[in-house]
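Coordinates in review
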Amino acid sequence: MKKLLLYITIVFVSLGIYSCGYDEIKDLPTVEERVSKAKDSLITALTARAFGRKINYQPNPNSGSFIILMKFEADGKVNIKSDVYDNDGEFLDATITYRIDNAHGLELILETYGVFHYFFEFYNGAFEFILLEYINNNPVFQSKSDFSNPTILNFEPAGENDAQLLNNEITKNFKNTMFQSEQLFGSNVSYYLYLIDNDISIFM
């Protein structure tokens, strides 16, 4: 009789523990809800800064580093400023569309053609980035298309005067001078150095 009572007690206790555990699982948010919340958090982080985000972007280990200013809006648009003078200045100040996706984790995808697509075409850069982490509420991404040595992007808060870091006149003059050098020396110019203070161009 004592064994029977002990068995019944264990059964009821087990059912009670299972019931509590089931209620806890039942109250957990769904996968869709968690993904939606994560997307909203990322959009908030991207759009929260008054002057946008600043990154130093090196498309590949052998290229130079470019300063890019990005001002995200919650409606899926981002204004991108750079000092890449090409396509008649198309990339100096352009607004394109972006989206936040969830495939290999949260992803930032720049949809409309812009400076990052230009980097992709000519510098093996990227226009799709995977969220790695947040550092002090600043998103850190890595390029999605670089498998062996992915580029890491720290989205730092941009300052009010950071646009002054983009010296468009120098890059414009650089582009024009490179065109003139090809006319003078042919297309085999592999290195170009411009000494700004002395206004001297060196071709090698």
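Refer to the preceding data block for the structure.
Below is a short write-up of the structure. Bear in mind that the values here come from a model prediction, so they are computed numbers and not experimental data.

Section: the overall build of the protein
Across its full length, the protein carries four helices and 11 strands. Across the 204 residues of the protein, 31% fall into the buried class. Considering only contacts within the protein whose residues lie at least 6 apart along the sequence, 42% involve residues at least 24 apart. When the accessible surface of the protein is summed, it comes to about 13,300 Å², and 54% of that surface belongs to carbon and sulfur atoms.

Quick notes on the side chain of Thr 151
Looking at the element boundaries, Thr 151 is found in the loop between β7 (138-143) and β8 (152-154). The class of Thr 151 is buried, set by a relative accessible area of 12%. Apart from residues lying up to four places away in sequence, Thr 151 is in contact with Tyr 57, Gln 58, Pro 59, Phe 141, Gln 142, Ser 143 and Asp 146.

Here we look at empty space enclosed by the protein
A probe matching the size of a water molecule, rolled over the atoms, marks out where space remains unfilled. Scanning the model with the defined rule gives one cavity of 30 Å³ or more in all. Approximately 40 Å³ is the volume found for the largest cavity. Every residue along the wall of the largest cavity is listed here: Ile 80, Phe 91, Ala 94, Ile 96, Gly 114 and Val 115. Grouping the constituent residues of the lining of the largest cavity by class yields five nonpolar, one polar and no charged.

A short note on the pattern of salt bridges
For the structure shown, the criterion picks out six salt bridges. Of the charged contacts, one joins Glu 73 and Lys 71 as a salt bridge, the two residues approaching to 3.5 Å between their closest N and O atoms. In this structure Glu 73 comes out as partly exposed when scored by relative accessible area, which is 38%. A salt bridge links Asp 101 to Arg 99; the shortest N-O distance between them is 3.5 Å. For Asp 101, a relative accessible area of 25% translates into the label partly exposed. Under the relative-accessibility criterion, Arg 99 is labelled partly exposed at 35%. Here the salt bridges do not stand alone but share partners, grouping Arg 99, Asp 101 and Glu 111 into one network.

Points about the side chain of Arg 53
If you trace the backbone, Arg 53 turns up in strand β1 (residues 53-57). The buried charged residue Arg 53 lacks any salt bridge, with Glu 156 as its nearest oppositely charged partner at 8.4 Å. A polar atom in the side chain of Arg 53 sits 2.6 Å from the side chain of Asn 138. Looking at Arg 53, its side chain comes within polar contact range of the main-chain oxygen of Phe 155, at 2.8 Å. Apart from residues lying up to four places away in sequence, Arg 53 is in contact with Ala 45, Leu 46, Ile 68, Leu 69, Met 70, Asn 137, Asn 138, Pro 139, Phe 155, Glu 156, Pro 157 and Ala 158.

Focus on helix α2 (residues 31-47)
Relative to the 24 Å expected for 17 residues at 1.5 Å per residue, α2 spans 24 Å between its end C-alpha atoms, a close match to the ideal helical length. For α2, the elements touching its buried residues are β1, β2 (66-72), β4 (93-102), β5 (106-110), β6 (128-135) and β7.

Considering helix α3 (residues 115-123)
Turning to α3, its buried residues are Val 115, Phe 116, His 117, Tyr 118 and Phe 119. Tucked inside the fold, the buried residues of α3 contact β1, β2, β3 (77-81), β5 and β6. Positioned one or two residues after α3, Asn 124 has a phi angle of 55°, which is positive.

Some remarks on the pairing of β3
The sheet contact formed by β2 and β3 spans four bridges and is antiparallel. Counted as the bridge partner of Met 70 is Ile 80 from β3. Connecting the antiparallel pair β2 and β3 is a turn made up of four residues, with Gly 76 showing a positive phi of about 90°. Pairing of β3 with β4, which is carried by five bridges, proceeds in the antiparallel orientation. Across the sheet, the residue bridging to Ile 80 is Ala 94, located in β4.

Scoring rules and cut-offs
Residues numbered from 1 in each chain as written. Predicted model: local features only at pLDDT ≥ 70, side-chain atom pairs only at ≥ 80, totals over all residues. Heavy atoms only, no water. Helix = DSSP H or I, 4+ residues; strand = E, 2+ residues; numbered from the N terminus. Buried < 20%, exposed > 50% of the residue type's maximum accessible area, 1.4 Å probe, protein only. Contact = heavy atoms within 4.5 Å. Areas by Shrake-Rupley, 256 points an atom, 1.4 Å probe, with all protein chains shown as cover. 1 Å grid on protein atoms, 1.4 Å probe; cavity = no way out; pocket = protein on both sides within 12 Å on 5 of 7 lines; lining within 4 Å. Points joined across faces, edges and corners; volume = space filled by probe spheres on them. Nonpolar A, V, L, I, M, F, W, Y, C, P; charged D, E, K, R; others polar. Salt bridge = Lys/Arg side-chain N within 4 Å of Asp/Glu carboxyl O. Lys, Arg positive; Asp, Glu negative; His and termini not counted. Polar contact = N/O pair within 3.5 Å; in protein donor to acceptor, adjacent residues only side chain to side chain. Expected span 1.5 Å × (residues − 1). Pairing = 2+ DSSP bridges.

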